[in-house]
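Geometric and topological summary
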Amino acid sequence: MATASSSLTFSTSLPKFCRPYSISITPPPQVSVYFKKLSISSSLKISKRTTTRASSMASSGITTIDQNNKKAVEVFDTEEDLAVSLAKYTADLSDKFAKERGAFTVVVSGGSLIKSLRKLVEAPYVDSIDWSKWQVFWVDERVVPKDHPDSNYKLAFDGFLSKVPIPPGNVYAINDALSSEGAADDYETCLKHLVHTGVINISSLSGFPKFDLMLVGMGPDGHVASLFPGHPLLKENQKWVTHITDSPKPPPERITFTFPVINSSAHIALVVCGAGKASIVQTALGKSQDSEVFPVQMVSPEGELKWFLDKDAASKLREDSRLLAENLPALPQKRSIRTAYLQDCFCCYWHRVQLFKRFVCCCKAKSSSSSFMADQNNKKVVKVYDTEQDVAVSLAKYVADLSAKFAKERGSFTVVLSGGYLIDNIRKLTEPPYVDSVEWSKWHVFWVDERVVPRNHVDSNYKLAFDGFLSKVPIPAGQVYAINDALSAEGAAEDYQTVLKHLVDTGVLAKSSVTGFPKFDLMLLGMGPDGHVASLFPGHPLLKENVKWVTHIMDSPKLPPQRITFTFPVINSSAYIAMVVCGPGEVDAVYKALGKTANPELLPVQRVTPEEELRWFLDKVAASKLQE
Ligand SMILES: O=C1O[C@H](COP(=O)(O)O)[C@@H](O)[C@H](O)[C@H]1O
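These remarks concern the structure in this document. (Residues numbered from 1 in each chain as written. Predicted model: local features only at pLDDT ≥ 70, side-chain atom pairs only at ≥ 80, totals over all residues. Heavy atoms only, no water.)

**A look at the overall build of the protein chain**
To be explicit about the condition: By the criteria applied, helices consist of DSSP H or I runs no shorter than four residues and strands consist of E runs no shorter than two, each listed in order from the N terminus. The buried label goes to any residue with under 20% of its type's maximum accessible area, the exposed label to any with over 50%, and the partly exposed label to all in between, with areas taken from a 1.4 Å probe on protein chains only. Every residue pair with non-hydrogen atoms within 4.5 Å of one another is taken to be in contact. Here the open area of atoms and residues is found with the Shrake-Rupley method and a 1.4 Å probe, where only the protein chains shown may cover a residue.
When its secondary structure is counted, the protein chain shows 18 helices and 27 strands. Taking all 628 residues of the protein chain together, 59% fall into the buried category. Partitioning the contacts of the protein chain with sequence separation of at least 6, the portion at a separation of at least 24 is 75%. Total accessible area computed for the protein chain in this model is approximately 23600 Å², and 53% of it derives from carbon and sulfur atoms.

Structure (structure tokens):
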């Protein structure tokens, strides 16, 4: 290990400037950058954690981790505790990478992050870390001279770099003599050179540089690096480094790593302190129905993402768990409630960043039905079948098994149907063995959405289900809950909600102990080519509805315009959801929902996160873009 050298100071040795190199670089292959994002398990464990600190004080944090430790959130009582833990985390990774590959590539941001690194410049780390192995980069930089108060380099130099013996040649500041565009190009060229010489790893999944550790902060608006909410740069997926000349936070001219680079990292520490950021933390980690996706929510590295939060930044998560505790006296103890709450938060947060690697492995592994992407407790499963016929066979078995389970457990089986192709996909239930073996008398049938037209109208979801399914199985007529088609859209939605409330009161329909919304046993859903589910369409304000159980829409982009629909809180309170998609029409939507990471505008289908299991049933055609 190198030790601190008093003769080495940054005030006399200027850091290396990145300059264009006259080398020929073969561009790395642009393998799907979205691969990596889908390797996340949504099964999370939460434990109370005690951090042992150099100073021997114990700091307690709520630690939430997934089962393979790929995602974690730690909440610390104070920013001081956080800084202690962050130093240890960084030092451990420094040791690991220095040993494994002889270099440690570290990316820092500006802002408050630098202060939180202060423990690294103290004992024991200042002496124990092999600083000679460090290679330091910036995730973003303001295009100002290096001695300017706005410079992220200056901030890092004053607070950190000047206090540790990292070789100046290993510190990659931007070239502040260039324009923002020139500086971004220059930095990218520098990175390419370092990839070429093996200093920086390259991701075999994305083809983008793979840094060992990124230490990043988050702004109160949810920005990370210089990637701001709603900015077109969020979508940049070719460049490694880009520039911005209209940053909403001054100074306006900056350079920044793009999301493909950020998300190719081996480790990201996301460090967030202060009450001013609590709302975004809640949105990012809680079960928010907010349709706006903040840049921080797009952070999803190949390796580990670890949130370091202080109590203030996590306060809204804690508030929510307290509220739950107060409102749910039946639950045994506070820790269980918090656990349930956090699990729920995480299921929601991770639901859209599931499983692609396993898909590819399984697709390579032959067989007509390729099961892929089951998280450790099978909460999220995607299955791909050779043909739609195979989907229909498997779906029938799945539904029949759940029917038997719920009929036995609670004496009824509450099933929600959608319209469209779904009804054809469940046709096998009307054939042997299921038509005879399923206990149809226990079924209660609902619609996740309905068009406000007469029941015998060609557009009616009820008519579709009746003709293709309900007329062929002996479900008691009184247990089929069609809408009241004599009412207006608003009236029909209210009426349907009243029916549901009555069924909850009478115990036919379960109630979620987590959300208080009705908990259907199974929803059988389809998805439109635009990613809509139920009558919840991309960008529509109804996506945010979080009070009503059933609502109405007068301007459906898909005809007919007047419809009623379950809201997301109801959909997401379900026990099980089967998402059935076959054929070529939805190939792009499936790809966006399951295969793409840097998706600034979530499709409605990506918000679907039931309480027990979400199972995708895809045929090979619908999954074809994933398989590419
Ligand atoms: O402008 C910037 O802001 C963010 C967040 O800063 P913070 O002071 O709120 O933590 C920072 O991460 C980024 O590097 C910086 O350029």
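Still to come is the rest of the account.
**Some details on the packing of aromatic side chains**
Definition in use: Think of it this way: a Phe, Tyr or Trp ring, Trp meaning its six-membered ring, pairs with another when their centres are within 6.5 Å, and the plane angle makes it stacked under 30 degrees, edge-to-face over 60, tilted otherwise.
What the rule picks out here adds up to 27 aromatic pairs. Among the aromatic residues, those joined into a ring-pair cluster are F406, F413, W440, W443, F469 and Y576.

**A short note on the sheet that holds strand β13 (residues 254-257)**
Stated formally: Here a strand pair is declared whenever DSSP counts at least two bridges between the two strands. Inter-axis angles, ranging from 0 to 180 degrees, are taken between N-to-C directions of lines fitted to C-alpha atoms, where helices are fitted over the stretch in contact.
Ordered by their spatial adjacency, 3 strands build an open sheet running β7-β13-β12, and the pairing between neighbours is antiparallel. A strand with exactly one partner marks an edge of an open sheet, and here the two such strands are β7 (140-142) and β12 (241-244). Mean inter-strand twist for the sheet, computed between neighbouring axes without regard to direction, equals 20°. The pairing of β7 with β13 spans 3 bridges and is classified as antiparallel. Residue pairing across strands places E141 opposite I255, the latter belonging to β13. Sitting on the sheet, helix α5 (residues 180-196) is in contact with β12 and β13, with an inclination near 165° to β12.

**Focus on unusual backbone geometry**
Omega for the bond connecting A123 with P124 falls within 30 degrees of zero, at 5°, which places this linkage in the cis form. The omega angle of the peptide bond from P250 to P251 is -5°, so this bond is cis rather than trans. Note that P251 resides in the loop between β12 and β13. With a phi close to 50°, A225 is a non-glycine residue in the positive phi region. As for its position among the elements, A225 is in the loop between β11 (213-217) and β12. Residue A534 is not a glycine yet carries a positive backbone phi of 50°.

**Details of the site of the ligand**
Just so we agree on the cut-off: For each residue, the test is whether any non-hydrogen atom lies within 4 Å of the molecule or strand; if one does, the residue is near. We call two N or O atoms a polar contact when they sit within 3.5 Å, provided that within protein one can donate a hydrogen and the other can accept it, with sequence-adjacent residues counted only if both atoms are side-chain atoms. Each residue gets one label: Ala, Val, Leu, Ile, Met, Phe, Trp, Tyr, Cys and Pro are nonpolar, Asp, Glu, Lys and Arg are charged, and the others, such as Gly, are polar.
Around the ligand, a shell composed of 15 residues is seen, among which G110, S112, D140, R142 and K277 lie nearest. R142 is positioned such that a nitrogen or oxygen atom in its side chain is 2.8 Å from an oxygen atom of the ligand. N152 places a side-chain nitrogen or oxygen 3.2 Å from an oxygen atom of the ligand. When isolated, the ligand has an accessible area of 390 Å², and the protein chains bury 92% of it. Partitioned by chemical class, the residues of the shell around the ligand number 2 nonpolar, 8 polar and 5 charged.

**Let's talk about the sheet that holds strand β25 (residues 563-566)**
As summarised here, the arrangement of the 3 strands in space is β20-β25-β24, forming an open sheet in which the pairing is antiparallel. The open sheet terminates on both sides in strands that have one partner only, identified here as β20 (449-451) and β24 (550-553). Here the strands of the sheet are splayed against their neighbours by 20° on average, with no regard to which way each runs. Bridge count for β20 against β25 is 3 bridges, and the pairing is antiparallel. Pairing of D449 across the sheet is with T565, part of β25. With respect to the sheet, helix α15 (residues 489-505) is in contact with β24 and β25, its orientation differing from that of β24 by roughly 165°.

**A few points about helix α14 (residues 461-468)**
Operational definition: The directions considered for the arc are those from the helix axis to the C-beta atoms.
Regarding α14, the residues found buried are N461, Y462 and A465. Buried residues of α14, seen end-on, are gathered within an arc of 100° and therefore sit on one face of the element. Looking at the packing, one finds that the buried side of α14 touches β18 (413-417), α12 (422-425), β19 (443-447) and β20. One side-chain oxygen of the residue at the start of α14 lies 3.1 Å from the amide nitrogen of Y462, identifying that residue as S460.

**A word on the pattern of salt bridges**
The condition is simple: We define a salt bridge as a contact between a side-chain nitrogen of Lys or Arg and a carboxyl oxygen of Asp or Glu at a distance within 4 Å.
All chains considered together, the criterion is met by 28 salt bridges. The partner of K119 in a salt bridge is E80, with the nearest N and O atoms 2.6 Å apart. Remark: E80 occurs in helix α1 (residues 79-101) and K119 occurs in the loop between α2 (113-116) and α3 (125-128); sequence separation between them is 39 residues. Here E80 falls in the partly exposed class, since its relative accessible area comes to 33%. Where salt bridges share partners, they join E79, E80, R118, K119 and E122 into one cluster.

**Here's the deal with the pairing of strand β14 (residues 267-272)**
Among the 6 residues of β14, 6 are classified as buried, and the element is accordingly described as predominantly covered. Neither face of β14 is left uncovered, since the one carrying H267, A269 and V271 and the one carrying I268, L270 and V272 both have all their residues buried. Bridge analysis of β11 against β14 gives 4 bridges, and the strand direction is parallel. Directly across from V216, in β14, lies its bridge partner L270. As judged from the 6 bridges shared by β14 and strand β15 (residues 304-310), these two strands associate in the parallel manner. Looking at the pairing, V271 lines up with F308 of β15.

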